[in-house]
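Structural features, examined
Residues per chain, in single letters:
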Amino acid sequence: VSTASGIKGNTISNSFNIANPFSDKIIITPERRIENTAISLSDATGRIIKNWDNISAAANETIQLQMESPLTEGIYILSFQSPNFTYTTKLIHN
(Lines give C-alpha, C1' and ligand atoms only; values in the text may rest on other atoms or scores of the structure.)
Protein backbone atom coordinates (compact mmCIF):
# COMPACT_ATOMS: atom_id res chain seq x y z
CA VAL A 1 0.00 0.00 0.00
CA SER A 2 1.32 3.40 -0.90
CA THR A 3 0.27 6.80 0.37
CA ALA A 4 -0.24 9.52 -2.19
CA SER A 5 -0.82 13.22 -1.74
CA GLY A 6 -2.51 15.50 -4.21
CA ILE A 7 -0.85 18.90 -4.26
CA LYS A 8 -2.36 22.14 -5.54
CA GLY A 9 0.07 25.04 -5.30
CA ASN A 10 1.96 24.51 -2.06
CA THR A 11 -0.99 23.00 -0.20
CA ILE A 12 -1.72 19.32 0.22
CA SER A 13 -5.36 19.12 -0.81
CA ASN A 14 -6.02 15.39 -0.49
CA SER A 15 -4.30 12.19 0.60
CA PHE A 16 -5.02 8.63 -0.49
CA ASN A 17 -4.00 5.12 0.49
CA ILE A 18 -3.85 3.10 -2.73
CA ALA A 19 -3.20 -0.65 -2.96
CA ASN A 20 -0.13 -0.92 -5.18
CA PRO A 21 0.45 -3.23 -7.00
CA PHE A 22 -3.15 -3.99 -8.03
CA SER A 23 -4.78 -6.88 -9.89
CA ASP A 24 -8.45 -6.95 -10.98
CA LYS A 25 -9.51 -3.83 -9.05
CA ILE A 26 -7.95 -0.66 -7.69
CA ILE A 27 -8.60 -0.09 -3.99
CA ILE A 28 -8.39 3.52 -2.77
CA THR A 29 -9.02 4.94 0.70
CA PRO A 30 -9.09 8.75 0.84
CA GLU A 31 -7.91 10.24 4.11
CA ARG A 32 -10.28 13.19 3.52
CA ARG A 33 -13.72 13.45 1.95
CA ILE A 34 -13.72 13.66 -1.85
CA GLU A 35 -16.62 14.84 -4.01
CA ASN A 36 -17.34 14.94 -7.74
CA THR A 37 -13.96 13.47 -8.54
CA ALA A 38 -13.12 12.03 -11.95
CA ILE A 39 -10.61 9.18 -11.86
CA SER A 40 -8.92 7.79 -14.96
CA LEU A 41 -6.53 4.93 -15.60
CA SER A 42 -4.07 5.20 -18.49
CA ASP A 43 -1.39 2.89 -19.79
CA ALA A 44 2.27 3.91 -19.93
CA THR A 45 1.77 5.49 -23.38
CA GLY A 46 -1.00 7.76 -22.09
CA ARG A 47 -3.89 5.86 -23.68
CA ILE A 48 -6.92 6.04 -21.38
CA ILE A 49 -8.04 2.57 -20.33
CA LYS A 50 -10.97 3.47 -18.07
CA ASN A 51 -12.74 6.55 -16.68
CA TRP A 52 -14.83 6.75 -13.52
CA ASP A 53 -16.89 9.94 -13.13
CA ASN A 54 -18.47 11.67 -10.14
CA ILE A 55 -16.73 9.60 -7.47
CA SER A 56 -17.49 10.72 -3.92
CA ALA A 57 -16.43 9.14 -0.65
CA ALA A 58 -16.22 10.01 3.02
CA ALA A 59 -12.88 10.09 4.79
CA ASN A 60 -11.52 6.55 5.23
CA GLU A 61 -14.28 5.04 3.06
CA THR A 62 -12.92 2.37 0.71
CA ILE A 63 -13.44 2.89 -3.02
CA GLN A 64 -13.11 -0.15 -5.28
CA LEU A 65 -12.62 0.54 -8.98
CA GLN A 66 -13.35 -2.66 -10.86
CA MET A 67 -11.62 -3.46 -14.16
CA GLU A 68 -14.12 -4.51 -16.84
CA SER A 69 -11.55 -6.41 -18.90
CA PRO A 70 -8.18 -8.00 -18.08
CA LEU A 71 -5.10 -5.78 -18.19
CA THR A 72 -1.60 -6.82 -19.13
CA GLU A 73 1.10 -6.61 -16.48
CA GLY A 74 2.89 -3.29 -16.39
CA ILE A 75 2.86 0.30 -15.22
CA TYR A 76 -0.33 2.37 -15.33
CA ILE A 77 -1.13 5.99 -14.49
CA LEU A 78 -4.02 6.80 -12.12
CA SER A 79 -5.27 10.39 -12.28
CA PHE A 80 -7.71 12.22 -10.01
CA GLN A 81 -9.41 15.47 -11.03
CA SER A 82 -11.92 17.44 -8.97
CA PRO A 83 -12.86 21.10 -8.56
CA ASN A 84 -10.46 21.23 -5.58
CA PHE A 85 -7.42 19.19 -6.58
CA THR A 86 -5.64 17.14 -9.22
CA TYR A 87 -3.30 14.25 -8.57
CA THR A 88 -1.52 11.64 -10.70
CA THR A 89 0.36 8.55 -9.55
CA LYS A 90 1.91 5.40 -11.05
CA LEU A 91 0.50 1.97 -10.28
CA ILE A 92 1.84 -1.48 -11.06
CA HIS A 93 -0.51 -4.16 -12.36
CA ASN A 94 0.51 -7.77 -11.75
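Residues numbered from 1 in each chain as written. Predicted model: local features only at pLDDT ≥ 70, side-chain atom pairs only at ≥ 80, totals over all residues. Heavy atoms only, no water.

**Concerning the side chain of S42**
Looking at the element boundaries, S42 is found in strand β4 (residues 34-43). On the basis of relative accessibility, which here comes to 9%, the residue S42 falls in the buried class. The contact partners of S42, leaving out residues within four places of it in the chain, are R47, I48, I49, Y76 and I77. (Helix = DSSP H or I, 4+ residues; strand = E, 2+ residues; numbered from the N terminus. Buried < 20%, exposed > 50% of the residue type's maximum accessible area, 1.4 Å probe, protein only. Contact = heavy atoms within 4.5 Å.)

**Some words on the packing of aromatic side chains**
This model, assessed by the stated rule, comprises 5 aromatic pairs. For the ring pair F80 and Y87, a centre distance of 6.1 Å and an interplane angle of 45° mean the geometry is tilted. With respect to class, F80 is no different from Y87; both count as buried. Among the aromatic residues, those joined into a cluster by ring pairs are F16, F80, F85 and Y87. (Phe/Tyr/Trp six-rings, centres within 6.5 Å; stacked < 30°, edge-to-face > 60°.)

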